[in-house]
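Reading the structure
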Amino acid sequence: MSISKEEFKEMLKEKGLKVTNQRLLVLEVLADQRDRHMTAEDIYELVKEDYPEIGLATIYRTLQLLLEMQLVDRINLDDGCIRYEIGEFCDGENKHHHHHLICRTCGKVLPFKDDLLDELEAHIEEAMGFHVLDHELKFYGQCKECREKKK
Ligand SMILES: [Zn+2]
Ligand SMILES: [Zn+2]
Ligand SMILES: [Zn+2]
């Protein structure tokens, strides 16, 4: 699912942010490549194609701002890189953020949408009096392609 430039403009305005080219481009690149989980450098390479005068420092600043505004999420996939993905508002009616399946063989990261954690969260609240606002889940294993190759 892709979001139009107009919708991004609205989102920035709603957050009280000025609509600038670099902000729009960073959001667009992240939305277009939503399953890639890009680093700031990856984003820079793509934004540069449309906006050659942009610098990496601007990308970092823009990402920081979009993070604070919760338009973008930061994820750590344990490969020593900080990666970014478009925020959960893009998933429409379902506000839930996807989980990540990480292949230990080829390093691919697959998004996984189903949650099934409501019961666990309710249990945590009951047992610990701790109200869960969010969670982050990573599963490590071997993807279908790698498993088939091994056969
Ligand atoms: Zn794999
Ligand atoms: Zn993701
Ligand atoms: Zn979840």
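Just so you know, these numbers come straight off a predicted model, no measurement behind them. (Residues numbered from 1 in each chain as written. Chains lettered and ligands numbered in written order. Predicted model: local features only at pLDDT ≥ 70, side-chain atom pairs only at ≥ 80, totals over all residues. Heavy atoms only, no water.)

Some details on helix α5 (residues 118-128)
Test applied: Think of it in three bands: residues with accessible area under 20% of the maximum for their type are buried, residues over 50% are exposed, and the middle band is partly exposed, with areas taken using a 1.4 Å probe on protein chains only. In this description a helix means any DSSP run of H or I spanning at least four residues, a strand means any run of E spanning at least two, and both kinds are numbered starting from the N terminus.
With zero of eleven residues buried, α5 lies mostly on the surface of the structure. Glycine 129 sits one or two positions beyond α5 and adopts a positive phi of about 65°.

Focus: the coordination of the zinc ion (ligand 1)
Operational definition: Think of the donor list as every N, O and S atom within 2.8 Å of the metal, or within 3.2 Å for Na, K and Ca; water never makes the list, so a site can look incomplete. Key to geometry: four donors with every angle between 85 and 135 degrees are tetrahedral; four donors are square planar and six octahedral where opposite donors lie over 155 degrees apart and all remaining angles lie between 65 and 115; all other sites are irregular.
Summarising the metal site, the zinc ion (ligand 1) is bound by the protein donors Cys103 (SG), Cys106 (SG), Cys143 (SG) and Cys146 (SG), whose distances to it range over 2.3 Å. Because the angles between the four donor atoms bound to the zinc ion (ligand 1) fall within 102 to 117°, the donor set is best described as tetrahedral. Sequence positions of the donors to the zinc ion (ligand 1) reduce to the motif C-x2-C-x36-C-x2-C. Accessibility expressed as a relative area gives 5% for cysteine 143, which makes it buried. Owing to a relative accessible area of 6%, cysteine 146 belongs among the buried residues under this scheme.

A closer look at the sheet that holds strand β5 (residues 109-112)
Note the following rule: Here the rule is simple: two strands pair whenever DSSP picks up at least two bridges between them. Note on geometry: axes are C-alpha line fits, over the in-contact stretch for helices, and angles between N-to-C directions span 0 to 180 degrees.
Pairing is mixed across the open sheet formed by three strands, whose spatial order is β5-β4-β6. With one partner strand each, in any of the chains shown, β5 and β6 (138-141) form the two edges of the open sheet. Strand-to-strand, the axes of this sheet are offset by a mean angle of 25°, without reference to chain direction. One ladder, built from four bridges, connects strand β4 (residues 99-103) with β5; its direction is antiparallel. Within β5, the residue paired with isoleucine 102 across the bridge is valine 109.

A few points about the side chain of arginine 23
The condition is simple: Two residue types count as positive, namely Lys and Arg, and two as negative, namely Asp and Glu; His and chain ends fall outside the count. Note on definitions: salt bridges are taken to be side-chain nitrogens of Lys or Arg within 4 Å of carboxyl oxygens of Asp or Glu. N or O atoms within 3.5 Å of each other form a polar contact, as long as, within protein, one can give a hydrogen and the other can take it, and as long as residues adjacent in sequence are counted only when both atoms are side-chain atoms. Any two residues whose heavy atoms approach within 4.5 Å at even a single point are treated as in contact.
With respect to the helices, strands and loops of the structure, arginine 23 is situated in helix α2 (residues 21-32). No salt bridge forms around the buried arginine 23; measuring N to O, its nearest opposite-charge neighbour glutamate 68 is 9.6 Å away. At a separation of 2.8 Å, a polar atom in the side chain of arginine 23 contacts the main-chain carbonyl oxygen of lysine 18. Residues within four places of arginine 23 in sequence aside, it is in contact with Leu12, Leu17, Lys18, Thr62, Leu65 and Leu66.

Concerning the UniProt feature "binding site: Zn(2+)" (unreviewed entry) in the protein
How we decide: UniProt positions are given in the numbering used here, feature names are shortened, and annotations may be inferred rather than shown by experiment.
In the numbering used here, UniProt assigns the feature "binding site: Zn(2+)" (unreviewed entry) to Cys103, Cys106, Cys143 and Cys146. Spanning 44 residues, the named residues form one tight spatial group whose C-alpha atoms are at most 8.3 Å apart. One can find cysteine 103 in strand β4. Ignoring sequence-local partners within four residues, the contact set of cysteine 103 consists of Lys108, Gly141, Gln142, Cys143 and Cys146. Take cysteine 106: it is sitting in the loop between β4 and β5. Excluding residues within four positions of it along the chain, cysteine 106 makes contact with Cys143 and Cys146.

Side note on the coordination of the zinc ion (ligand 2)
Around the zinc ion (ligand 2), the donor atoms from the protein are His37 (NE2), Glu85 (OE), His98 (NE2) and His100 (NE2), and they sit 1.9 to 2.0 Å away. Here the zinc ion (ligand 2) is ringed by four donor atoms whose angles at the metal span 90 to 134°, and the overall shape comes out tetrahedral. For the zinc ion (ligand 2), the single-chain donor residues occur in sequence as H-x47-E-x12-H-x1-H. On the criterion of sequence distance, the pair formed by glutamate 85 in strand β3 (residues 82-86) and histidine 100 in strand β4 is long-range, its members being 15 residues apart. Accessibility classification places glutamate 85 together with histidine 100 in one group, the buried group.

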